[in-house]
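# What the coordinates show
Here are the chains, one letter per residue:
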Amino acid sequence: MSKIQLCDKYKCTQCMACVNACPKHCITMVDAGEGFDIPKINDDACIECGACTKVCHVISPIGEYHTPLKTLACWTKNDEDRKRSSSGGAFSVLARKVLSDNGVVFGATMDTNLHVKHICIDNAEDIVKLQGSKYVQSFLGDTYKQVRDLLRQERLVLFTGTPCQVGGLLAFLREKYNNLITCDMVCHGVPSQKAFDAFCERTHLKDRYQGVSFRFTAGWGYQLACELVAPTQAGDSDSTHVVRKVVNPRNAWYMRAFNKGLMFNETCFSCAYTIPQRVSDFTMADYWGLGAKIPFNHPTYRGVSMLLINNQKAMEIINNCPDLFFEERTLEEAIEGNHNLSHNSERPIGRDTFILDMQTMEVSALIEKYGIKESLRDYLRLLKQWINSKRV
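Reading the values: the criteria
- Residues numbered from 1 in each chain as written.
- Predicted model: local features only at pLDDT ≥ 70, side-chain atom pairs only at ≥ 80, totals over all residues.
- Heavy atoms only, no water.
- Buried < 20%, exposed > 50% of the residue type's maximum accessible area, 1.4 Å probe, protein only.
- Helix = DSSP H or I, 4+ residues; strand = E, 2+ residues; numbered from the N terminus.
- Pairing = 2+ DSSP bridges.
- Core = buried A, V, L, I, M, F, W, Y, C linked by side-chain atoms within 4.5 Å.
- Contact = heavy atoms within 4.5 Å.
- Salt bridge = Lys/Arg side-chain N within 4 Å of Asp/Glu carboxyl O.
- Arc of directions from axis to C-beta.

### So, the pairing of strand S4 (residues 104-110)
Within S4, seven of the seven residues are buried, which leaves the element mostly enclosed by the surrounding structure. By the alternation rule, side chains of S4 split into Val104, Phe106, Ala108 and Met110 and Val105, Gly107 and Thr109, which are all buried. With three bridges connecting them, S4 and strand S6 (residues 157-161) associate as parallel partners. For valine 104, the partnering residue across the bridge sits in S6 and is valine 157. Of the pairings in the sheet, the one linking S4 to strand S5 (residues 116-121) comprises six bridges and is antiparallel in character. Residue pairing in the sheet places glycine 107 in a bridge with isoleucine 119 of S5. Taken together, S4 and the strand that follows it, S5, pair antiparallel across an intervening segment of five residues, in which leucine 114 is found at a positive phi of about 65°.

### Thoughts on the nonpolar core
Generally speaking, soluble globular proteins have nonpolar side chains that are buried together. Grouped together as the largest cluster of nonpolar side chains are 33 residues, with contacts concentrated most on Phe196, Tyr254, Phe354 and Met358. Listed by contribution, the elements that provide at least two residues to this core are S4, helix H8 (193-202), helix H9 (253-260), helix H12 (351-360) and helix H13 (363-370). The residues contacting methionine 358, other than those within four sequence positions of it, are Ala195, Ala198, Phe199, Arg202, Trp253, Met263 and Leu366. Listed in part, the 27 residues of the second largest apolar core include Ala95, Ile309, Met315 and Leu324.

### A word on the pattern of salt bridges
Opposite charge on two side chains permits pairing when their charged atoms draw close. The full count for this structure, using the stated rule, is 20 salt bridges. Between arginine 302 and aspartate 79 there is a salt bridge, and its shortest N-O distance comes to 3.2 Å. Of this pair, arginine 302 sits in the loop between strand S11 (282-286) and strand S12 (305-309) while aspartate 79 sits in helix H3 (residues 79-84), and the two are 223 residues apart along the sequence. Aspartate 79 gets classed as partly exposed once you look at its relative accessible area, which sits at 42%. A salt bridge links aspartate 81 to arginine 96, with the nearest nitrogen and oxygen atoms 2.6 Å apart. Of this pair, aspartate 81 sits in helix H3 while arginine 96 sits in helix H4 (residues 90-100); the two residues are 15 residues apart in sequence, bridging distant segments of the chain. Note on aspartate 81: relative accessible area 0%, which makes it buried. Since its relative accessible area comes to 30%, arginine 96 is described here as partly exposed. Among the charged side chains, a salt-bridge network with shared partners connects Glu34, Glu266, Arg347, Arg351 and Asp352.

### Thoughts on H13
One full turn of an α-helix is made of 3.6 residues, so residues set three or four places apart face in the same direction. If you check which residues of H13 are buried, you get Leu366, Ile367 and Tyr370. Taken end-on, H13 shows its buried residues confined to a sector of 95°, consistent with a single buried face. In this structure, H13 carries Ser364 and Glu368 as exposed residues pointing more than 90 degrees from its buried face. Here the buried face of H13 lies against H9 and H12. Of the residues one or two after H13, glycine 371 is the one with positive phi, at around 65°.

Quick look at the structure:
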């Protein structure tokens, strides 16, 4: 039996650094329950080299934490990018900057099977694939190997992901690369793909739509509604018309379960990255609470990004992004509006049973048991967003 001890399953973030690092390919990911996979060693093939534990960001953290140098409220000046973004489109500005310098960008996308995974893009036309929030854990596969190979080829690489995914990448690389740019987002926690699949099955999204957008971005607001994307033929056979249909709040109970933390990975409730000091070059989020105490004299209904500039490298990059409008704000304001910049998400009482129940229980009973019924406020927020979307 192998003497190698991987990290505890309740602390594993499924970054797969250990799988990518094993020289004998003897580590596989197995379902530990609820759809969260954990690494398992094939004892017969293991040579006990320790490569896996050396790259585990839980066992052997290597990332340096940076106190942000600047806090920006910002948005892209590219109107189309801003329309497609969850908030102000800061990501698209960084992505376009890297791609214009012959670089590549890694980020999460949703495929036509409604599965979320990391991919690499090398042209600006594909930025749309990475835009928008995904409230599902992204499958990384061999992403870290791909990043390392491109870095060694001296390509400029922008890697975006949750803070633990960035921490996993830095631990996997074990050395600094000047041609690597990292960007994390303020993360509440991640549900498993299995949980999202169950929601899709229960609400008949599976096989009917080729995409789900978790944020209704026409008229930025607090309502976290879903959009459905169904390609249909329009005109000639080579053209595709995308139809977007906002999910009725009654059926958007996945988002309310998300907001309550009912589907999060166990490790999310003790996350090491929910602090103001950041492991990445950049940190982005929606700028909730903007102007609540200190006036912000710009319209916000089209969406505003919060962007933390965490080190000098990031500062130099942002100073060369003319397509980004920004105003400097205080870090305290950003922390107050984004709870997970300073606190873990609290583990709710229903976390033990919700994921199983959502697969088997009648939806009406599930909604009643866990208090995730829609409210009048959900409809009013949607109305507010619709009104804002009509503003010039």
